Amino acid sequence: TELRAGTSINSLDVTFNQFDIGLNRRLPWSWQLWETLKVDTSFTATVGVLEGGGDIGALGSSGLEFTFSRLSVRSPITIRAGSAVTLISEHRYGGENLGGPIQFTSHIGMHYQLVEHLNAVARYQHMSNASQYEDNPGIDMVMLELVLWF
């Protein structure tokens, strides 16, 4: 289970805040690169809220994530990167128009294992509609996250 909160960092007219909860399910595909790096795959899904300009809307996403970890040395740090299709219930927030309900979110994050089954995460993400609509401002966010592994 992943609990996430973040705020926008780009220079839009509106500051956005996002809060969500996510699930991550490991997929059977993995690769070993060189002698030191392992890449695992996961399916991700989230539900949450997006707030900006005094307006609040729901969001949900699903996608794929890649986890990069060291093989030769046990390290508390892993890097995760992924992309997801994101649906938003509102696309107008204050004076900002996100274009429409279908968005795409890409992210990269550094996971640090605090204790067994608990990670703290710093994550950068970008959400935009990939120019599907006339308006496509995109939102860049910095997120903080706690991940509890079962």
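Up top is the structure these notes are about.
This is a predicted model, so every value here is computed, not measured. Sequence order sets the numbering: in each chain, residues are counted from 1 along the sequence as written. Reporting in this predicted model follows two pLDDT cut-offs: at least 70 for local features of residues, and 80 or more for side-chain atom pairs to be given and counted; totals over whole chains, interfaces and linings ignore these cut-offs and use all residues. The side-chain figures draw on all heavy atoms in the structure; neither hydrogens nor water molecules are used.

*Asks:* Please explain the layout of surface pockets as it appears in this structure.
*Replies:* Rolled over the atoms, a probe with the dimensions of a water molecule shows which regions are left empty. Note on definitions: the grid is 1 Å and covers protein atoms alone; a cavity is a set of points where a 1.4 Å probe fits but cannot get out; a pocket is an open set with protein on both sides within 12 Å along at least five of seven lines; lining residues have an atom within 4 Å of a point. Grid points are joined across faces, edges and corners, and a volume is the space filled by probe spheres set on the points. In this structure, the largest pocket occupies an estimated 700 Å³ of space. Taken together, 24 residues form the lining of the largest pocket, with R26, T67, R80, N119 and W149 sitting closest to its centre. Segments assigned H or I by DSSP are reported as helices when at least four residues long, segments assigned E as strands when at least two residues long, and all are numbered from the N terminus. At the level of elements, β2 (16–33), β3 (37–52), β4 (55–70), β5 (77–88) and β8 (102–115) are the ones that each hand at least two residues to the lining of the largest pocket. With 4 residues, β2 is the largest single contributor of residues to the lining of the largest pocket. Of the residues that constitute the lining of the largest pocket, the class distribution is 6 nonpolar, 11 polar and 7 charged. Under the grouping applied here, Gly and all other residues not named as nonpolar or charged are polar, the nonpolar ones being Ala, Val, Leu, Ile, Met, Phe, Trp, Tyr, Cys and Pro and the charged ones Asp, Glu, Lys and Arg.

*Asks:* Teacher, can you tell me more about empty space enclosed by the protein here?
*Replies:* Enumeration according to the criterion identifies 2 cavities of 30 Å³ or more in this entry. Considering the residues around the largest cavity, the lining is formed by 19 residues, among which R4, T46, S61, T105 and R123 are closest to the centre. Counting residues per element, the ones that place at least two in the lining of the largest cavity are β1 (2–8), β2, β3, β4, β5, β8 and β9 (118–128). A per-class count over the lining of the largest cavity returns 4 nonpolar, 10 polar and 5 charged. What the second largest cavity holds in volume is close to 40 Å³. Along the walls of the second largest cavity sit E2, E65, R80, H107, I108, G109, H111, V121, R123 and E145, which together make up its complete lining. Elements supplying a minimum of two residues to the lining of the second largest cavity: β8 and β9. The element that contributes the greatest number of residues to the lining of the second largest cavity is β8, accounting for 4 residues.

*Asks:* Explain the sheet that holds β3 here, please?
*Replies:* Across a sheet, strands are paired by hydrogen bonds formed along the backbone, either parallel or antiparallel in direction. Two strands form a pair only when DSSP identifies at least two bridges running between them. Judged by pairing direction, the barrel is antiparallel, and its 8 strands sit side by side in the order β1-β2-β3-β4-β5-β8-β9-β10 before closing back on the first. For this sheet, the mean angle separating the axes of adjacent strands, direction not counted, is 25°. Bridge count for β4 against β5 is 10 bridges, and the pairing is antiparallel. Following the sheet pairing, G63 is matched in β5 by A84. Axes here refer to lines fitted to C-alpha atoms; in helices the fit is confined to the stretch in contact. Angles between the N-to-C directions go from 0 to 180 degrees.

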